[in-house]
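# Structure assessment
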Protein chains: 4
Amino acid sequence: MSKPKLRIGLIGTGFMGKAHVFGFTSAPRVFELPFDLELHTVADITPEAAARAATTLGFAHATADWRSIMLDPAIDVVSITAPNALHKEMSLAAIAAGKHVYCEKPLAPMAADALEMTLAAEAKGVKTQVGFNYLCNPMLTLAREMIMAGELGEIRGYRGLHAEDYMADASGPYAFRHDPAGGGALADIGSHALATAEFLCGPVTRVMGDLVTMIAERPDGKGGRKAVTVDDIGRAFLRFENGASGSIEGNWIATGRKMQHDFEVYGTKGALAFSQEHFNVLHHFDTAAAKGRQGFRRIEAGPDHAPYGLFCVAAGHQLGFNDLKAIEVAGYINTIAGKSPEPFNFRKGLRIQTLVETIQASSKAQGWLDVV
Amino acid sequence: MSKPKLRIGLIGTGFMGKAHVFGFTSAPRVFELPFDLELHTVADITPEAAARAATTLGFAHATADWRSIMLDPAIDVVSITAPNALHKEMSLAAIAAGKHVYCEKPLAPMAADALEMTLAAEAKGVKTQVGFNYLCNPMLTLAREMIMAGELGEIRGYRGLHAEDYMADASGPYAFRHDPAGGGALADIGSHALATAEFLCGPVTRVMGDLVTMIAERPDGKGGRKAVTVDDIGRAFLRFENGASGSIEGNWIATGRKMQHDFEVYGTKGALAFSQEHFNVLHHFDTAAAKGRQGFRRIEAGPDHAPYGLFCVAAGHQLGFNDLKAIEVAGYINTIAGKSPEPFNFRKGLRIQTLVETIQASSKAQGWLDVV
Amino acid sequence: MSKPKLRIGLIGTGFMGKAHVFGFTSAPRVFELPFDLELHTVADITPEAAARAATTLGFAHATADWRSIMLDPAIDVVSITAPNALHKEMSLAAIAAGKHVYCEKPLAPMAADALEMTLAAEAKGVKTQVGFNYLCNPMLTLAREMIMAGELGEIRGYRGLHAEDYMADASGPYAFRHDPAGGGALADIGSHALATAEFLCGPVTRVMGDLVTMIAERPDGKGGRKAVTVDDIGRAFLRFENGASGSIEGNWIATGRKMQHDFEVYGTKGALAFSQEHFNVLHHFDTAAAKGRQGFRRIEAGPDHAPYGLFCVAAGHQLGFNDLKAIEVAGYINTIAGKSPEPFNFRKGLRIQTLVETIQASSKAQGWLDVV
Amino acid sequence: MSKPKLRIGLIGTGFMGKAHVFGFTSAPRVFELPFDLELHTVADITPEAAARAATTLGFAHATADWRSIMLDPAIDVVSITAPNALHKEMSLAAIAAGKHVYCEKPLAPMAADALEMTLAAEAKGVKTQVGFNYLCNPMLTLAREMIMAGELGEIRGYRGLHAEDYMADASGPYAFRHDPAGGGALADIGSHALATAEFLCGPVTRVMGDLVTMIAERPDGKGGRKAVTVDDIGRAFLRFENGASGSIEGNWIATGRKMQHDFEVYGTKGALAFSQEHFNVLHHFDTAAAKGRQGFRRIEAGPDHAPYGLFCVAAGHQLGFNDLKAIEVAGYINTIAGKSPEPFNFRKGLRIQTLVETIQASSKAQGWLDVV
């Protein structure tokens, strides 16, 4: 009557490492999962850091050598929240060891790497997941369901956005996110806008990019300056397979914005508007409403919007960012149990990376490109 | 180097029982707590339900007899999320056994009971906490700090509210919340508005109540009808010790409202406005702002507003309702370790119950009453 | 084929005098009125001021003696926008001369005066109007129609408000609005909240008042200080004839608020929420909406909401405050032509004054009072 | 002591014709103008319609022949609100007759025509104005002043929008706005987004357009169908002379949107956000605000924001769309008197038309184009 165990190895203990742990510990208490989850081993840079993280986060074992996680036959799932540049090497090692891999976004700095990782995972038959964070929101699920059910009619126009200001200060130092291989606002957060766009409206077939560098150099951390070539703002026009057109923007110098992951989608019968700043709300316009009574309706997340009700039996109480991570984890665990297809697997991560790179190439070429 | 253990016994596994577990499991991963928390025993109505809850929620032991929790010397803290009518008996038993008690709101149906519980706890020297849910929000902490620091100047006016619609449907059956002993909208949610009012502005000294029953009878669940005498809407005028005046309303028939726990507070130098519907935001008006540039500023919760940063290193991601419970738990654990005074102990619960009953009495007497 | 003329005499050329002129000049261009309106004579304190106002505002004649307007047989309608204390004398003179009277709010400082004015007007058979400003908003008309048509079901609860901050600065001098005869926040702007409450929900039958003076003295303008006894905040609990209960607040020290004339009304089938800060919008909750699609709908004013379409053929362009005055004027002109009953006549003004004084008396008596 | 007269001839009596009359009649009562304005002659299609309009709108004379207005030496200013296709012929005739010309937007269907009109006006020395409607908003003036004064620091990014839904219904008939010469969403309302962009951030130097036709044919009004080739959505990437980049969108099939003329502008020191749906409000983020107190501030229009105070002495009462037209008229009248430069003259109208056509050409060429 007791459930089989699923043992977790975690690499990285920063923002996202912690978020994974929140997910692994909350998910089983919120959802009826097919496995018992066990926080088995955590890896960090030094033995001391790893030991401390094990105590704080609740892992049984600690290591300063992430490879030992891959070698440990007890471990079933590897969570990778290390810097982006390491995602590929770690993932390939985990896949080779037959472990399921849950990797933070972006899957890899370059699409070619993401492709290699995807093919490796598919060949080995392990279950993969990329952490897209925002897509597991019940209100996004609602939006997608409404669109798929035709409640908006045919989709005509889309406007997506992910703007923050964490790079707005020109005195902030050059960092790994400024690396020409995989860096820039479009790759870092525009990718979220692209993921949401396809989640809601289906495949993008053609793009025209516009990437702009506004802060041309930054302190190099050693008293000098270093040139920055990646985009601070990345824009794109989009064409969707369903006939709609749209645009997105990724912007990390949007002074004052903390979480402007927004979208508006317009169809023949209705429209939706959403802002991640109030992510428990979805605004819906329905052309079928009575004359003089029309308008955007503010739908608040509640038990009618699964799986909200598992967190809280009453509407309006609101989920938080870490709750979205718990939903993400639960989806992945069910996938590992074969209960559902992989919702956001490596191939999806590859897809987004391909979109990003096609937009980058389009911007360079100053012309439209097909997404292949 | 390992921490001492604190073993938890939980009574009740509904909405609030689950929320306590979320709190106990999240808090140690978010905060540096002085204890390791162990989910020891869970009590539910039947052995089967208790066993199921133990598995789902992660307790080592299960029982259908809540008294066995009190008898178990291994257990340090008892969480009580059983129906309100049982709070007193359970709490007194736990206190008698020398256990710390974390009891859901309201502490007891009647202030007299709450007083007895409070005195028992104080005599025994155990640490107590009442679960007020909304007060641990970093934005409420910010509001309180701003008021205390004089950023608003002298406080002049207050408007508080807690309105929902869970009793708006007149065909909903008579339930324990309709019981004249301890029931009604003022007691059930107006109490939250009162707790927030005193949290922000200090003691209320005088009240004038207005309680109204709009749905005079409800189905009794046995095919008949039962008269309802408790209030569906409870209003009060308030006088504060600091010289300000104000009003609150508790309303459980506010059609369409899910979480209208709002306040506005006006001082000589500024004002604050808040709605629990977007509880990661606080609106601030500052009279010192430049001419032509004044207005309410929308402050988004972020790492500048402790302990937000422990959940998430970036502003704008938002905490959820269950995160507030984790903060509540962490505060209590620190209290048990003697690291901080009890923030929301039984005496505070008694205080709110006293306010509720004074307002009820005032409404009945149709006149102002001092709060004693 | 040309229309009969209606000649206007205006007393007072301040904020409201100008607003009347805006109304008189816009209304005929927006509405098909039964009269041609002629700006005949304007009265101000001095001949020079009057002459200047005549030029600026477009009147043919000017006078420093308001009584000459009453004596001039050419004048059909007298607009009174002089200080409140003069409303009575001016109105009675105009009525005695058989002129229609359009008087700014409040009709008179005291209900007894308002009664005398009302009876005089009714005896003489002239048409009267009190300028309530906010009631002519198409969105308030919509709200009233929805309530009357039963779209909200039975009304259960009401929350009204009119808060501004024009008296928040304690260094502001003692002014006519602080006069115990007719002054105070409740009389000055709480009266608007009362007018809106009855406009939407019908007669108030019983009140409990709570008036508070927060700034106990002000500069007297002569280097000294003068005690203030009128309310800075005036609150009331309300009972309506239709069975609902509610509350209102008038507050002129609400730091940061410029036009918080808001209401929320809750019925068995729906709810409405409104803020004058965005007065071209009405929020509507409908319990009949589909599960999972419910929420407050943001209805924007447009041609479906008469008479918006006469100002602008497209929704969303928005009316301004002065447009509301044009609607008010048009209603009055049609009333004079016998085309509609008086929408906001002296009796209505008397009614609001009676409510104000009953609430004031109730606050003094610290008990509920019937509105007679 | 009396002012010189300025006699107005108006062509067209629809939405915008009426708006001009509102402007001409309100402006003198709001502003101290250097002229007395006289509504002299109105022209409409038939003598009857013109006569009716004269009566309703208050003109002394009526004509069915617009050319007679040009021939009438008494007339000083000609207001042109006839269909776009006639703007050129009418304007040239008025200019030839030495009259000042106030022409509705767009100045002409094609930039070449607008250029001819501009050169003719400049050669003749008459004062011209194009009715841009939204630019005279005190909050836009404030935004521009803040930007010019450096309150936002260096401008980095801009996002502009004008979306409505008046063409969203595919069963709506083919109309003059669908004419390939001058039609389409970009020309019709995207032009407003462009005008606002340059008003705030200065010249656009380079564009990349993306125009999309979503409703490929419409009823031709004679029982058949007619192909539509103009854009339903027109997007553009922008480069500004000041170094910033940005984007705009014009969209007339944005289901549910009535007046989404919005912008966001991001600088090194601050940001502004605005929506025409609440055009009396400007949101301002200031990086200089104290830690933990930062956020977008909601500035409400008031007397600090000229010329708001001339309409209303108190903040928060709000201007309406027709008030903006009065400000536009006042600016023009002062220009005619030589008191100020032409704020929005034909050359500005030409400029916007040039931007529109460059974006159209860019979209066709699928590449970036310089704005010449």
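Keep in mind that this is a model prediction, so the values were computed, not measured.

### Considering the pairing of strand 14 (residues 270-275) of chain B
All names here are of chain B. Most of strand 14 is tucked away: five of the six residues are buried. Examined bridge by bridge, strand 13 (residues 260-267) and strand 14 share five bridges and lie antiparallel to one another. Its bridge partner lying in strand 14, D262 is registered against S275. The antiparallel pairing of strand 13 with strand 14 creates a hairpin that spans two residues between the two strands. Where strand 14 lies against strand 15 (residues 281-286), four bridges are found, and the strand directions are antiparallel. Each residue of the ladder has a partner; that of G270, found in strand 15, is D286.

### Structural notes on the interface of chain D and chain A
The interface of chain D with chain A comprises 46 residues on the first partner and 48 residues on the second. When the two sides are added together, the surface that chain D and chain A hide from each other amounts to roughly 3,200 Å², 51% of it contributed by carbon and sulfur. Together, D:R156, D:F237 and D:T255 form the three largest contributors to the area buried by chain D at its contact with chain A, with a combined 23%. The tally of links between chain D and chain A comes to six salt bridges. Note that D:R257 and A:E264 form a salt bridge whose closest N and O atoms lie 3.3 Å from each other.

### Details of the interface of chain C and chain B
Counting residues at the interface gives 48 residues for chain C and 48 residues for chain B. Both faces combined, the contact of chain C with chain B buries some 3,200 Å², and carbon together with sulfur accounts for 51% of it. Looking only at chain C, the three residues that lose the most surface to chain B are C:R156, C:F237 and C:T255, adding up to 23% of its buried area. Connecting chain C to chain B are six salt bridges. As a salt-bridge pair, C:D210 and B:R239 come within 2.4 Å of each other at their nearest N and O atoms. The interface formed by chain C and chain B contains 20 residue pairs in polar contact (both at pLDDT 80 or more). For the side of chain C that touches chain B, the secondary structure elements donating two or more residues are strand 7 (155-163), strand 8 (204-212), strand 11 (233-240), strand 12 (245-251), strand 13 (260-267) and strand 14 (270-275) of chain C. At seven residues, strand 7 of chain C tops the list of elements feeding residues into the side of chain C that touches chain B. For the side of chain C that touches chain B, the per-class residue count stands at 23 nonpolar, 15 polar and ten charged.

### Things to note about the pairing of strand 15 (residues 281-286) of chain D
Put simply, side chains in a regular strand alternate between the two faces of the sheet. Residues and elements named next belong to chain D. In textbook terms, the turn of a hairpin is the stretch between consecutive antiparallel strands, and for strand 14 (residues 270-275) and strand 15 this stretch comprises five residues. Pairing geometry for strand 15 and strand 16 (residues 296-300), over four bridges, is antiparallel. What sits directly across from V281, in strand 16, is E300.

### A word on the domain arrangement of chain A
All names here are of chain A. When the domains of chain A are assigned, the result is domain 1 (5-131) and domain 2 (138-278 + 280-319 + 343-370). The gap between the C-alpha centroids of domain 1 and domain 2 is 26 Å. Both faces combined, the contact of domain 1 with domain 2 buries some 1,800 Å², and carbon together with sulfur accounts for 66% of it. Three residues, V30, K105 and A111, lead the burial of domain 1 against domain 2; their summed loss comes to 27% of the area buried on that side. E122 serves as the salt-bridge partner of R347, at 2.6 Å between the closest nitrogen and oxygen. Seen at the junction of domain 1 and domain 2, the total is nine residue pairs in polar contact (both at pLDDT 80 or more). At the level of secondary structure, the elements contributing two or more residues to the side of domain 1 that touches domain 2 comprise helix 4 (87-96), strand 5 (100-104), helix 5 (111-124) and strand 6 (128-131). Take the side of domain 1 that touches domain 2: its biggest share by element is eight residues, from helix 5.

### Comments concerning the UniProt feature "domain: Gfo/Idh/MocA-like oxidoreductase N-terminal" (unreviewed entry) in chain A
In the numbering used here, UniProt assigns the feature "domain: Gfo/Idh/MocA-like oxidoreductase N-terminal" (unreviewed entry) to residues 6-132 of chain A. For the annotated span residues 6-132 of chain A, helix accounts for 45% and strand for 24% of the residues, and the straight-line distance between the end C-alpha atoms is 22 Å.

### Concerning the relation of the copies chain C and chain B
The operation linking the two copies of the chain is a rotation about an axis combined with a translation along the axis. Mapping chain C onto chain B leaves a residual RMSD of 0.0 Å; the transformation is a rotation of 180° accompanied by 0.0 Å of translation along its axis. Between the two chains, the operation in question is that of a two-fold axis. Judged by C-alpha distance, C:G367 is the residue of chain C that lies nearest the rotation axis, at 2.9 Å. Of all interface residues in chain C, 100% are interface residues in chain B too; the two copies therefore contact each other through one and the same surface.

### Here's the deal with unusual backbone geometry
A cis geometry characterises the amide bond from B:A306 onward to B:P307, with omega recorded as 0°. Along the polypeptide, B:P307 turns up in the loop between strand 16 (296-300) and helix 8 (308-311). Going from D:K105 to D:P106, the amide bond is cis rather than trans, its omega being -5°. In this fold, D:P106 is placed in the loop between strand 5 (100-104) and helix 5 (111-124). Located in the positive-phi region is C:Q366, a residue other than glycine, with phi close to 55°. Tracing the sequence through the fold places C:Q366 in the loop between helix 10 (346-365) and strand 17 (369-370). Given a relative accessible area of 39%, C:Q366 falls into the partly exposed group.

### Re the sheet that holds strand 1 (residues 5-11) of chain B
Residue and element names in this part refer to chain B. What the six strands build is an open sheet, ordered 3-2-1-4-5-6; its pairing is parallel. The open sheet has two free edges, formed respectively by strand 3 (61-63) and strand 6 (128-131), since each of these has just one partner strand. Direction aside, neighbouring strands of the sheet carry axes that sit 20° apart on average. Relative to strand 6, strand 5 (residues 100-104) runs parallel, the two sharing four bridges.

### A look at the nonpolar core
Counting residues in each nonpolar core, the largest one holds 104 residues, and the members touching the most others are B:I11 and B:F263. Other than its neighbours up to four places away in sequence, B:F263 contacts B:L140, B:A143, B:Y158, B:R159, B:G160, B:T196, B:L200, B:L272, B:A273, B:F274 and B:L282.

### Regarding the packing of aromatic side chains
Throughout the structure, instances matching the rule amount to 54 aromatic pairs over all chains. Relative to D:W252, the ring of D:Y166 has its centre 5.9 Å away and its plane inclined at 70°; by these criteria the two rings are edge-to-face. Of the two residues, D:Y166 is situated in the loop between strand 7 (155-163) and helix 7 (185-201) and D:W252 in the loop between strand 12 (245-251) and strand 13 (260-267); the sequence distance between them amounts to 86 residues. A relative accessible area of 34% means that D:Y166 is categorised as partly exposed. Feature note: the residues A:Y158, A:F240, A:F263 and A:F274 constitute an aromatic cluster, connected by ring pairs. Above the plane of the ring of A:F199 lies A:R144, whose end atom (NZ or CZ) is 4.6 Å from the centre. When the ring centre of B:F296 is taken as origin, the NZ or CZ atom of C:R257, which lies over that ring, is 4.3 Å away.

Conventions we followed
Residues numbered from 1 in each chain as written. Chains lettered and ligands numbered in written order. Predicted model: local features only at pLDDT ≥ 70, side-chain atom pairs only at ≥ 80, totals over all residues. Heavy atoms only, no water. Buried < 20%, exposed > 50% of the residue type's maximum accessible area, 1.4 Å probe, protein only. Helix = DSSP H or I, 4+ residues; strand = E, 2+ residues; numbered from the N terminus. Pairing = 2+ DSSP bridges. Contact = heavy atoms within 4.5 Å. Buried area = accessible area lost by both parts, 1.4 Å probe. Salt bridge = Lys/Arg side-chain N within 4 Å of Asp/Glu carboxyl O. Polar contact = N/O pair within 3.5 Å; in protein donor to acceptor, adjacent residues only side chain to side chain. Nonpolar A, V, L, I, M, F, W, Y, C, P; charged D, E, K, R; others polar. Domains from an automatic or database assignment. UniProt positions renumbered as here; feature names shortened; annotations may be inferred. Least-squares fit on C-alpha atoms with pLDDT ≥ 70 in both. Axes fitted to C-alpha atoms, helices over the stretch in contact; angles between N-to-C directions. Core = buried A, V, L, I, M, F, W, Y, C linked by side-chain atoms within 4.5 Å. Phe/Tyr/Trp six-rings, centres within 6.5 Å; stacked < 30°, edge-to-face > 60°. Lys NZ or Arg CZ within 6 Å of the ring centre and 35° of its normal.

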